[in-house]
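# Remarks on the overall topology
The primary structure of each chain is shown beneath.
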Amino acid sequence: MNFRRVVLLIIAVVFTIMCATAAAADDRKSLVIAVQKVTKHLDPMGFNANVNDRVSNNFIETLIGYNYKTGELEPCLATEWRMVNDVTVELKIRKGVKCHNGEDFNAYDVAYMFGPDRLMGKNAPGHAVGSVFWPTLKEVKAIDSHTVQFITTKPDPVILNRLSGFVGQVPCADAFKKAKSWEQWGLSVVGTGPYKVVESKPLEVQRFEAFDGYWGKKAPLKSLTFKVVPETSARVAGLLAGDYDMITEVNPDQFKSIEKDRNCEIAGGPVRINRILTYDEHNKLLADPRMRRALSLAIDRQLICDALFAGRTAVPKGMQDPSFGDMFIKDFKPDSYNPELAKKLLKEVGYKGQEITYRYQTGYYAMEVETAQTLQQMWKAVGINVKLVLKENWSQIYDASDGTRGIFNWTATAYYADPLGQLYRIFGPEGPKQNSLKTYVSPEMNKACEGIFSVDKATRQKAVRAMMEVYERTDPPGTYLHYLPLFYGKRKNVIWKDSGTAFMDFRAGGIEVK
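Residues numbered from 1 in each chain as written. Predicted model: local features only at pLDDT ≥ 70, side-chain atom pairs only at ≥ 80, totals over all residues. Heavy atoms only, no water.

A separate point is the state of the cysteines. Evaluated as defined, the whole model comprises 1 disulfide. Bridging Cys99 to Cys172, the disulfide has an S-S length of 2.2 Å. What sets the handedness of the Cys99 and Cys172 disulfide is the S-S torsion sign, and at about -100° it is left-handed. Of this pair, Cys99 sits in the loop between strand 5 (88-93) and helix 3 (107-113) while Cys172 sits in the loop between helix 5 (159-164) and helix 6 (173-178), and the two are 73 residues apart along the sequence. Classification of Cys99 as buried rests on a relative accessible area of 1%. (Disulfide = S-S within 2.5 Å. Helix = DSSP H or I, 4+ residues; strand = E, 2+ residues; numbered from the N terminus. Buried < 20%, exposed > 50% of the residue type's maximum accessible area, 1.4 Å probe, protein only.)

Bringing the environment of Gln422 into the picture now. Looking at the element boundaries, Gln422 is found in the loop between strand 15 (407-413) and helix 15 (423-427). Through-space distance from the C-alpha of Gln422 to that of Ala366 is 21 Å; in sequence the pair is 56 residues apart. When near neighbours in sequence (up to four residues on either side) are disregarded, Gln422 contacts Asn274, Met319, Gln320, Asp321, Phe324, Ala412, Thr413 and Ala414. (Contact = heavy atoms within 4.5 Å.)

Within the span of helix 11 (residues 301-309), buried status applies to Arg301, Ile304, Cys305, Leu308 and Phe309. Axial view of helix 11: buried residues confined to an arc of 105°, hence all on one face. Structurally, helix 11 contributes buried residues whose contacts are with helix 10 (289-297), helix 13 (368-382) and strand 16 (478-491). Once helix 11 ends, the next one or two residues include Ala310, with phi positive near 55°. (Arc of directions from axis to C-beta.)

We now examine the pattern of salt bridges. Under the definition given, this model contains 27 salt bridges. In this structure, the salt-bridge partner of Glu90 is Arg82, at a minimum N-O distance of 3.4 Å. A salt bridge links Glu199 to Arg207; its shortest N-O distance comes to 3.6 Å. For Arg207, a relative accessible area of 26% corresponds to the partly exposed category. Among the ionic contacts, a cluster of salt bridges with common partners joins Glu199, Lys201, Arg207 and Glu209. (Salt bridge = Lys/Arg side-chain N within 4 Å of Asp/Glu carboxyl O.)

By secondary structure assignment, the location of Ser296 is in helix 10. Ser296 gets classed as buried once you look at its relative accessible area, which sits at 6%. The residues contacting Ser296, other than those within four sequence positions of it, are Tyr279, Arg301, Gly478 and Thr479.

Sheet architecture is open: 10 strands sit in the order 8-9-10-1-11-16-12-15-13-14, paired in mixed fashion. Each edge of the sheet is formed by a strand with only one pairing partner; in this case those strands are strand 8 (195-201) and strand 14 (386-390). Judged from the 6 bridges that link them, strand 1 (residues 30-35) and strand 10 (residues 223-228) form a sheet pairing that is parallel. The residue of strand 10 that forms the bridge with Ser30 is Ser223. (Pairing = 2+ DSSP bridges.)

This part takes up the sheet that holds strand 4 (residues 78-85). In space, the 4 strands of this open sheet follow the order 4-5-7-6, with antiparallel pairing throughout. At either end of the open sheet lies a strand with only one pairing partner, and these are strand 4 and strand 6 (137-144). For this sheet the average axis-to-axis angle between neighbouring strands, irrespective of direction, equals 20°. Examined bridge by bridge, strand 4 and strand 5 share 6 bridges and lie antiparallel to one another. Each residue of the ladder has a partner; that of Glu80, found in strand 5, is Lys92. (Axes fitted to C-alpha atoms, helices over the stretch in contact; angles between N-to-C directions.)

All right, on to the packing of aromatic side chains then. Taken as a whole and assessed by the stated rule, the structure comprises 29 aromatic pairs. Aromatic pair Phe208 and Phe226: ring centres 6.0 Å apart, planes at 90°, arrangement edge-to-face. Note that Phe208 is positioned in strand 9 (residues 205-210) and Phe226 in strand 10, a separation of 18 residues in sequence. Residue classification places Phe208 among the buried positions, given a relative accessible area of 2%. Residue classification places Phe226 among the buried positions, given a relative accessible area of 1%. (Phe/Tyr/Trp six-rings, centres within 6.5 Å; stacked < 30°, edge-to-face > 60°.)

Per-residue pLDDT for the chain has a mean of 92; in total, 95% of the residues score no lower than 70. Scored below 50 in pLDDT, residues 19-24 makes 0 contacts in the model with residues more than four places away or belonging to other chains. (pLDDT = per-residue confidence, 0-100.)

Printed below as a string of structure tokens:
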């Protein structure tokens, strides 16, 4: 055997031993989570729903990080940032970041993914979602390979919040360019996070594996599998049997069956999401704002919290969240349960008991069916005739072709700690209520929104108060019910705490499996 062959043989043996040793050393656990649904499109600009938020930051990262424990902004894909002027923020992109396909991530990825081919162009596939969250964005340009600037049409008081939220998540451009279609891309999004997508079947399963080329602290789990199990009872049974490590959307009436098992427990609670109802003002029965306000006044929200959720959630103080800080209007007085005023308004509008439809799904939200039935009885008590209509999916919920769309379930997520991320985003002039859904066009709301982009705190607070007044009384597009509680069942060997949002954090420091 010549010297060269001996050397090659030694190298091969050493490589084999190293691989075997590495495999043996990887004792990380794999987690199986039973969920009610998974997202149909993993790109944050492809679909906006709680099921996206659940997995997002585990595999796609933001330019600016958000610490869910402290509420502080911190470096992520960008190591630093500064305001160049009142409409330009400049960010330095972290060096040495790898995409899941092995390619380098840099400022050119950022500029492209926020550009006309994915987001900013009116014909871009992500424009419908992105334009709602980026109403001020004018241009994103790479200054060099690791410097990028975001330029807005006017001063944006929450530009850093946007960059730290799900709309600031940046997939990898080269992989996007190679995708055969927008739909195919949505099933195989390539990011930079600690986990990578390995399987996505929207009606069945989504699976992620640890990405060991990650620039930061390595993923604590070997893999994550989100298995679709639509029936809550089946998810609970699977948890108790040990088939699942965690389950989502647990209802309070199932807490006892989980907690009596010595190996299982309940986690979670209210998050920064308002569970809401949406009214279609183009429905002739709901055209008069007094009719819509009567629907809201007939609802005993505290009773829903106490009776259906065992007091483990609360009623918001208007369409806002305490996380808004200076923009949280503490002394705002929202409408409360007032059946007599509801009856008075019904009489004023001449309502004669005509049927109004209320569309809902089974188990997309906690206690969804029970809430719908309770609301129907509350409305009946003041003389409003509401018919419950069960739908299978969001397309059926939104469908307006038969002219019967009246009331339907929804949520208002505070994607970042400011009314621009919740009240304005949904009900303002660029929001889905006035645009994609076309259920609500309100000159009153649009006028109230004036001043919300001011950099003056008092001006902004005045605008927020005016917007909430329209939402509550002047021209209500819907109403809130309570803070959405997200309850989870889990095995006790899974050490995990919810983030206070819909995001399930499985990154380093977020979970441990004993």
